[in-house]
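# Observations on the model geometry
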Amino acid sequence: GFLFVILSFVWTDLPASVVNGIFFPSPTQEHWISPQNATSIKTMHPTSIHGVEDMIRLGDLNEAGILRNLLIRYNERVIYTYTGSILVAVNPYQLLPIYTPDQIRLYTNKKIGEMPPHIFAIADNCYFNMQRNNKDQCCIISGESGAGKTESTKLILQFLAAISGQHSWIEQQVLEATPILEAFGNAKTIRNDNSSRFGKYIDIHFNKRGAIEGAKIEQYLLEKSRVCRQAPDERNYHIFYCMLKGMAPEMKAKLGLGLATDYSYLTMGHCTECDGRDDLSDYSSILSAMKVLMFTETENWEISKLLAAILHMGNLRFEARTYDNLDACVVVRSPDLVTAASLMEVEPKDVMVCLTTRTLITRGESVATPLNVEQGLDVRDAFVKGIYGRLFVWIVEKINAAIFRPPSSETNIIRKSIGLLDIFGFENFFVNSFEQLCINFANENLQQFFVRHVFKLEQEEYNLEDISWQHIEFTDNQDALDMIANKPMNIISLIDEESKFPKGTDATMLYKLNSQHKLNSNYIPPKNSYETQFGIQHFAGVVLYETRGFLEKNRDSLHTDIIQLVHSSKNKFIKQIFQADVAMGVETRKRSPTLSSQFKRSLEMLMRTLSVCQPFFVRCIKPNELKKPMLFDRELCIRQLRYSGMMETIRIRRAGYPIRYSFAEFVDRYRVLMPGVKPAHVQEDLRGTCQQIVLARLGKHDDWQIGKTKIFLKDHHDMQLEIERDKAITDKVILIQKAVRGLKERTNFLRLRSAVTFIQKVWRGYQSRKNYQIMRSGFLRLQAVYRSRKHYRSYRMTRLRVTLIQALCRGFLIRQTFWRRLRAVLTIQAYTRGMIARRLCQRLRAELQRRLEAERQRLAEEERLRNQMTARRAKAEAERKHQERLVQLVQQQEEREREEKEEARRKKELLEQMEREKEAPVDHSDMVDRMFGFLGNAGPLPNQDGQAPAGFEDLENIPRGEEAEEEVLNEALPLPDEEEEDLSEYKFSKFAATYFQGVSTHTYIRRPLKQPLLFHEDEGDQLAALAVWITVLRFMGDLPEPKCQIVINDGSEKIPVMTKIYETLGKRTYKRELQELQVEGEVRRRSFNHVQKRNSVRHKLVSLTLKRKSKITEEVTRRLTEGDYGLQGNSMLEDRPTSNLEKLHFIIGNGILRPALR
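Rules used in this analysis
Going along each chain's sequence as written, the residues are numbered from 1 onward. Confidence filtering applies because this is a predicted model: local features only for residues at pLDDT of at least 70, side-chain atom pairs given and counted only at 80 or more, and all residues used for totals across whole chains, interfaces and linings. Only hydrogens and water are set aside when side-chain values are computed; all heavy atoms of the structure are taken into account. UniProt positions are given in the numbering used here, feature names are shortened, and annotations may be inferred rather than shown by experiment. Note on pairing: DSSP must find at least two bridges between two strands before they are called paired. Strands here mean DSSP runs of E at least two residues long; helices mean DSSP runs of H or I at least four residues long; both are numbered from the N terminus. Salt bridge, as used here: a side-chain nitrogen of Lys or Arg that lies within 4 Å of a carboxyl oxygen of Asp or Glu. Excluding any residue in a salt bridge, patches collect residues exceeding 30% relative accessible area, merging like charges within 9 Å and nonpolar Val, Leu, Ile, Met, Phe, Trp and Tyr side chains within 5 Å. For every accessible area listed, the method is Shrake-Rupley and the probe measures 1.4 Å; residues are considered covered only by the protein chains on display. In this tally Asp and Glu are treated as negative and Lys and Arg as positive; neither His nor the chain ends contributes. Working definition for charges: the position is that of NZ of Lys, CZ of Arg, CG of Asp or CD of Glu. Buried, partly exposed and exposed residues are distinguished by accessible area as a fraction of the type maximum, computed with a 1.4 Å probe on protein chains only: under 20%, between the cut-offs, and over 50%, respectively. In summary, the pairing rule links any two rings of Phe, Tyr or Trp, Trp by its six-membered ring, whose centres are within 6.5 Å, and it sorts them by plane angle into stacked for under 30 degrees, edge-to-face for over 60 and tilted for everything else. Counting as a charge over the ring demands two things of the Lys NZ or Arg CZ atom: a distance within 6 Å of the ring centre and an angle within 35 degrees of the ring normal. Residue-level confidence of the predictor is summarised by pLDDT, bounded by 0 at the bottom and 100 at the top. Should any heavy atoms of two residues lie within 4.5 Å, those residues are counted as being in contact.

For the chain, an unreviewed UniProt entry supplies the name Unconventional myosin-VIIa-like and the organism Acanthochromis polyacanthus. Under the UniProt heading Sequence similarities (unreviewed entry), the entry covering the chain gives this text: "Belongs to the TRAFAC class myosin-kinesin ATPase superfamily. Myosin family."

Below you can see the structure in the form of structure tokens.
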């Protein structure tokens, strides 16, 4: 028979349902168990049934219990779980409403365990541990590609920016660095739509108040090969697709860009779209972030030019050729070649030579060797990778220049930091190359840091402190790390060594690796001599690496031809990003360090930085490979939990003591819990004091231990002690506040009582005097009120009567106006209808006359035809011609109507055009130029140089007589005969042609100048020169005096001319009045556009020369409004005629006081 036992939840272990030794039961499936296997059934602990927030509290401490706990919480959309202070985050692949500002406030200043697990809790503890312990913190976020490391980093940044409480510009800059780095360093891969293809360490700096004051970003190993090739269903970096989607069409036209499908570098993975990403809006976010981080418009344009050049370079095509029995190639001429060359500002032929030949320098001589098609493609890809890699480094340096603040030189200024490490996750693809080796090497270092911090250092400290402890076994990856990079003849050093040999190949490198490490258990040699792969047993599993291309990628160097091409470019930006390469020169260029050595050195610096910080760990778990929400792949998750050492971590966190204080630190921090305990520096038995405090607060039987120099506590012990400490400090603070407030209030009370007594005495006397005055003034006011009431009633009666009379008069006037206008309207209507009726009658009479004439013609025609044919035929023929004439009359009538309509339309358009021309602003300058432009050419007579315009022809035929005599008088007198001298070099015409501005010549003209003859830097000198010229014209009689004589009695006419000139010498005077004129011009341009043209600033420049305050009369205002600028002279000379003496004083005064005019 069978034994039936009813259990709610059980564990069982059946071979048919085991995945790597663990059975995963499903609640929707039935599993029949035979009596032979009944012994494998185990009752499930209650903590495994419902799940726990901290896996240290799990009753079933095994892999199945850990996995089930994560599964239960994941199905409930709870993605965060604690393992002590380590946070396990399962990627939900969807947006959850748990990152709002309210959540940030909930997790602020809370210890781990007070609130449900959250990434904000880790960030909060980082921040407050930094402030409390005055020690740098770091948060190491690890996990596979696609596990959510980048998003976790952004959430921690968001929390730190919010919790610092400053909301400053630097915080916004730190946050805005993320979109730029993601655009240039992230791409869609098979496992992740936003995979970071580089590592970054963000060091956020805080001042002593806890506010963010700067940051610095370090980048590691950008995957440059992705620019040139991508695996199926993968994309290039986001920035290319965002630029092609979001850039304005006119800018794309300048760069020669089209769609993403047009470029070879973007279509290798056959994937140009990414679900869940909006490239258009992302491009706008990138541009706004660049503005925040101080990228200029020129720099943005130069970056776009280089990105566009990369795309065009990818479309280049090579054709094979043979020269002198050597394989060679040529670049097919195409628009992409010309566009790429123009964007890099180099010659297309230089690009072709650089991509198809290689220059070798031997014994001081350079030899050009042709390249085949494959080598040409490699050179092109190396050039493109070099451009993009150096551009990325420049962008990171530009961001650091904006957000990094150097530490202050003052010794008392303390600046602490929180570091966020978001580095590429462990990678194992179908084909793994040199990049995967470096990435997995970095993950080995981080795993060793985790192992060392969580297991090694902790257990070593327990042994040193001589506390009761049972050693916990754990997986150590130190052997694999030694083989890769630490011990002599390691893999990295062998690859570097082979890269330095000129004849070193990937095959010789693999041979050396096999011969050196084939006996190492962590090294997997190739199965035969034909294979080009080797394997490494990493902490996360075995990874096979394809060695083809290893050395070329490790050398990471550019040929001298490429450096020479960059050096010949006219583009300063591309020279700037290649500055380090170009600076070495072509001939003396040293061998640059290999990529692996650079990466190893950067990684060592990173590990040193992390070792001096207090670390927090976030383990990101990827629930499935399909990137779908609410799908939990148990096999994938258990593999990640295994290689991350989560089982051992839970064990050591459960048994260990994560909180430890030295005796002095513990006494100084928690002595407030026991009254009478003195500070640590005045005590002798610190160990005994610590024991007393712990026994009093935690009890004797609780799990805490005291070592030789430190006391070891659990997480909940630290939380309990902190809560009690806060309570004790709060009680003491309240007591102090109570005493201080009592003393303060007592002092205030005594001072107020004496002040009140004195005020009462003074007030009573004042109140008695005031009451008497009130009573006296009350009677006077009563009399005044009675009289006012009487007058008010009289006024109201009068006002009512006046209002009634006004209403009757206005009604009468309005009715009169209405009837008058009504009669006028009726009269106009009657005349208009009569005119229309008469016109219609005339048109109908004319029509009747034409028809009668046609009828007479018909009768005459019929009578004429009767003599030639029968009467019937004659009548029919006459009727036919009559109808033709009627049709012709109808056509003529229609033609007349059309002509009338056309004439009416033409008149209407003419009226509209005249109305538009009437409303259009008048440009007096153009009008004057059109009318008097003929005076500008040199000729025999002044002012009669060219042909007169239309309407002025009669002025050319001036009768000679007095005019001729006047011209003769104007001619210069002959000079007395002197010694013959060559004066050709001193002719005034030659001076005028050399130095005069504009079209001015040496010929004397009788009109004002538009600009001074000579150039003056000072605005006052320019205005004074124009005013002096107008004064000279008036003085010579070539320009009339003002016709409008206005008398202004403000005393200005009594001020001497020289005084006025002195007042105008300062530059500020002209600048201020010019600004007033310009402001006035702006106002007039907005309100009355036609007035602005007439009152142009040029017409008023000269009037500023003599500064004068006056009240402008209505006549002057009218002239200014109507544009009556008879003269463009000085304001004083415009207002009234001046004597010749005043003109002479004005001319000579400006010559004396203004050296530039002499």
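## A look at the sheet that holds strand S21 (residues 659-662)
The three strands are arranged S21-S23-S22 in an open sheet whose pairing can be described as antiparallel. Edge positions in the sheet fall to S21 and strand S22 (705-706), since each has one partner strand and no second.

## Re the pattern of salt bridges
Two side chains with opposite charge may pair up if their charged atoms get near one another. Scanning the model with the defined rule gives 49 salt bridges in all. A salt bridge links Glu 144 to Lys 622; the shortest N-O distance between them is 3.8 Å. Here the residue Glu 144 occupies a position in the loop between strand S7 (137-143) and helix H5 (149-163), and Lys 622 occupies one in the loop between strand S20 (614-621) and helix H24 (634-643), the gap between them amounting to 478 residues. One salt bridge in this structure joins Glu 909 and Arg 905, with 2.4 Å as the shortest N-O distance.

## Here we look at unusual backbone geometry
Positive phi outside glycine occurs at Asn 109, with the angle close to 60°. Considering the arrangement of structural elements, one finds Asn 109 in the loop between helix H3 (101-106) and helix H4 (119-133). For Met 294, which is not a glycine, the phi torsion comes out positive at approximately 70°. Looking at the secondary structure, you find Met 294 in the loop between helix H10 (279-292) and helix H11 (297-314).

## Describing a negative patch on the surface
A cluster of like negative charges, contributed by Glu 894, Glu 897, Glu 899 and Glu 900, occupies part of the molecular surface. Mapped onto the secondary structure, Glu 897 falls in helix H29 (residues 871-919). A relative accessible area of 39% means that Glu 897 is categorised as partly exposed.

## Remarks on the pairing of strand S19 (residues 541-546)
Strand direction decides the pairing type here: strand S18 (residues 533-538) and S19, joined by six bridges, are antiparallel. Bridge pairing links Gln 537 to Val 542 in S19. Hairpin geometry of S18 and S19 is characterised by an intervening segment of two residues between the two adjacent antiparallel strands.

## Let's talk about the packing of aromatic side chains
Tallied over the entire structure, the rule returns 24 aromatic pairs. With a centroid separation of 6.3 Å and an interplanar angle of 85°, the aromatic rings of Phe 991 and Phe 996 are classed as edge-to-face. On the accessibility criterion, Phe 996 (13% relative accessible area) is buried. Cluster of aromatic residues (ring-pair linked, three or more members): Phe 434, Tyr 523, Phe 534, Tyr 545 and Phe 550. For the cation-ring pair, Lys 216 lies above Phe 404, with the distance from its terminal atom to the ring centre recorded as 5.4 Å.

## Brief notes about the confidence of the model for the chain
Per-residue pLDDT for the chain averages 80, and the proportion of residues at 70 or more is 79%. No element of the chain has a lower mean pLDDT than strand S2 (residues 18-19), at 39, and none a higher one than H11, at 94. Confidence over residues 1-7 falls short of pLDDT 50; this stretch has four contacts with residues more than four positions distant or in other chains. Between residues 1088-1133, whose pLDDT stays under 50, and residues either more than four places distant or in other chains, the model counts 107 contacts.

## Some points on the sheet that holds strand S17 (residues 523-524)
In spatial order, the strands read S17-S18-S19; together these three strands make up an open sheet with antiparallel pairing. Each of the sheet's edge strands pairs with one partner strand only, and the pair in question is S17 and S19. Relative to S18, S17 runs antiparallel, the two sharing two bridges. Residue pairing for S18: Tyr 523 is matched across the bridge by Ile 536.

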